[in-house]
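Residue strings, one per chain:
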Amino acid sequence: MELRQLQYALQIAIDKNFSRAAEKLHIAQPSLSQQLSKLEKEIGVLLFQRTTNSVEATHAGSLFVEKAQKILDMVEQLKQEMEDISQMRKGRLVVGSLPITGAHLLPLVLPVFQKRYPEIDIVLVEETTSNLEHLTASGQADISLLSLPLIDDALAYEPVIEEEIVLAVPQHHPLAERSAEAEPVDIALLQHEPFIALKKGQGFRQITVELCSDAGFTPRIVFESSNIETVQSLVAAGMGIAMVPHMVSRGRWSELVPVYLPLQTRPCRTLVVAYKKGRYLSKAVEAFMDTFREVMTSAEGFGFSKGSPL
């Protein structure tokens, strides 16, 4: 059994198609089929059921792919450890990020990191919270920038910043009159308001639901979006209200914008760098985390709090 055969089986399981898998592996389809047949003959079990339309993993195939992913992840970690020992500066870092974080924070951090470590290639993956947790736990992302709480218990994390959560309301909303005095809003007063929220699977939606639950009610969500900018635009258009991270309340130049108000309890979300428990953290990962903390510590006016982690 060879490592490349593990990679082949994993790619086939992902694509469920020999042609697509062969293309991504940069080998000819007949060669891929031949290698899989050789592997199946060696281990004595059928890994995939072939049909005219797709390729599906058998029970044995699913178990094989799961173990193969762990083995390949361990091999990659071993390479990183040996690379660090030999003092090599070159490397590749896969960073997962929520779209909100990617749009507002990474433009501050990545230029600094790239200037310091020009030979480390960064691959950025933007996904929902649930998908990022899966990618990180499976080793497909080295680290991910997420907000607490994390669901997958296979993940460890280090807090980096705390960010205030604010309320966005339309300009004509009665609560908008408070903006001049910046009088905090009691969340309990929002019980009968229509809410606009991110779709399920995104961490900030859960934060909104939990804050309302703590105030004694379930938010009446009338519109959902996968994009925080769409959420804000719908608020500005008078379709409802929304809780948003402080970072998104900056830098909006359209005439039609929401009014942003502080909440009475001054709730915050904690942004963390998450990684797989027990995973070796390369020097590239540690350097990225240090750079992220440093840049966020020096940032002013972003609604961030240093807190004890920093």
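Just so we're clear, the structure is a prediction, and the values are computed from it rather than from any experiment.

Caption draft 1: Structural context of a nonpolar patch on the surface. A cluster of nonpolar residues, Val 222, Phe 223 and Met 239, forms a patch on the protein surface that exposes about 220 Å² of accessible area. Note on placement: Met 239 falls in the loop between helix 9 (228–236) and strand 9 (242–245).

Caption draft 2: Region of the structure containing the packing of helix 6 (residues 106–116) against helix 10 (residues 283–298). Two numbers describe how helix 6 lies on helix 10: the axes approach to 9 Å, and their chain directions differ by 130 degrees. The angle between helix 6 and helix 10 falls in the class oblique. Remark: the crossing between helix 6 and helix 10 carries right-handed chirality. On helix 10, the residues touching Leu 106, Leu 108, Val 109, Leu 110, Val 112, Phe 113 and Arg 116 of helix 6 are Ala 284, Ala 287, Phe 288, Thr 291, Phe 292, Glu 294, Val 295 and Met 296. Taken together, the residues of the contact of helix 6 with helix 10 break down into 12 nonpolar, one polar and two charged.

Caption draft 3: Main features of the layout of surface pockets. One number sums up the size of the largest pocket: a volume of about 710 Å³. Around the largest pocket sit 22 residues that line it, and Gln 69, Leu 72, Glu 76, Arg 92 and Gly 139 are the ones nearest its centre. When contributions to the lining of the largest pocket are tallied by element, the ones reaching two or more residues are helix 1 (3–15), helix 4 (59–85), strand 3 (91–97) and strand 4 (120–126). Considering each element in turn, the lining of the largest pocket owes the most residues, seven residues, to helix 4. Its residues assigned to classes, the lining of the largest pocket shows 10 nonpolar, six polar and six charged.

Caption draft 4: A look at the nonpolar core. Counting residues in each nonpolar core, the largest one holds 55 residues, and the members touching the most others are Leu 167, Leu 190, Met 243, Phe 288 and Phe 292. When residues no more than four places from it in sequence are discounted, the contact partners of Leu 167 are Leu 175, Val 185, Leu 190, Ile 241, Ala 242, Met 243, Val 259, Tyr 260, Leu 261 and Leu 263. Counting 18 residues, the second largest nonpolar core, distinct from the first, contains Tyr 8, Leu 36, Val 65 and Ala 68.

Caption draft 5: Summary view of the side chain of Ser 97. Its place among the elements puts Ser 97 in strand 3. Within the structure, the side chain of Ser 97 is placed 3.1 Å from the backbone nitrogen of Gly 102, a separation counted as a polar contact. Not counting chain neighbours up to four residues away, the residues in contact with Ser 97 comprise Gly 102, Leu 106, Leu 124, Val 125, Glu 126, Glu 127, Leu 132 and Leu 145.

Caption draft 6: The arrangement of the pattern of salt bridges in detail. In this structure the tally under the stated criterion is 14 salt bridges. A salt bridge links Lys 70 to Glu 66; the nearest nitrogen and oxygen atoms lie 3.9 Å apart. Placement of the pair is Lys 70 and Glu 66 together in helix 4, with a separation of four residues, close to one helical turn. Take Lys 70: its relative accessible area is 42%, and that puts it in the partly exposed class. Between Glu 164 and Arg 266 there is a salt bridge, with its nearest N and O atoms 2.9 Å apart.

Caption draft 7: Fine view of unusual backbone geometry. The omega torsion across Leu 148 and Pro 149 is 5 degrees, close enough to zero to call that bond cis. Of note in the backbone geometry, Lys 16 takes a positive phi value of approximately 55 degrees without being a glycine. Mapped onto the elements, Lys 16 comes out in the loop between helix 1 and helix 2 (18–25).

Analysis parameters
Residues numbered from 1 in each chain as written. Predicted model: local features only at pLDDT ≥ 70, side-chain atom pairs only at ≥ 80, totals over all residues. Heavy atoms only, no water. Patch = residues over 30% accessible without salt bridge, like charges linked within 9 Å, V, L, I, M, F, W, Y side chains within 5 Å. Areas by Shrake-Rupley, 256 points an atom, 1.4 Å probe, with all protein chains shown as cover. Salt bridge = Lys/Arg side-chain N within 4 Å of Asp/Glu carboxyl O. Helix = DSSP H or I, 4+ residues; strand = E, 2+ residues; numbered from the N terminus. Axes fitted to C-alpha atoms, helices over the stretch in contact; angles between N-to-C directions. Parallel < 35°, antiparallel > 145°, perpendicular 65-115°, else oblique. Left-handed = near helix turned anticlockwise from the far one by under 90°. Contact = heavy atoms within 4.5 Å. Nonpolar A, V, L, I, M, F, W, Y, C, P; charged D, E, K, R; others polar. 1 Å grid on protein atoms, 1.4 Å probe; cavity = no way out; pocket = protein on both sides within 12 Å on 5 of 7 lines; lining within 4 Å. Points joined across faces, edges and corners; volume = space filled by probe spheres on them. Core = buried A, V, L, I, M, F, W, Y, C linked by side-chain atoms within 4.5 Å. Buried < 20%, exposed > 50% of the residue type's maximum accessible area, 1.4 Å probe, protein only. Polar contact = N/O pair within 3.5 Å; in protein donor to acceptor, adjacent residues only side chain to side chain.

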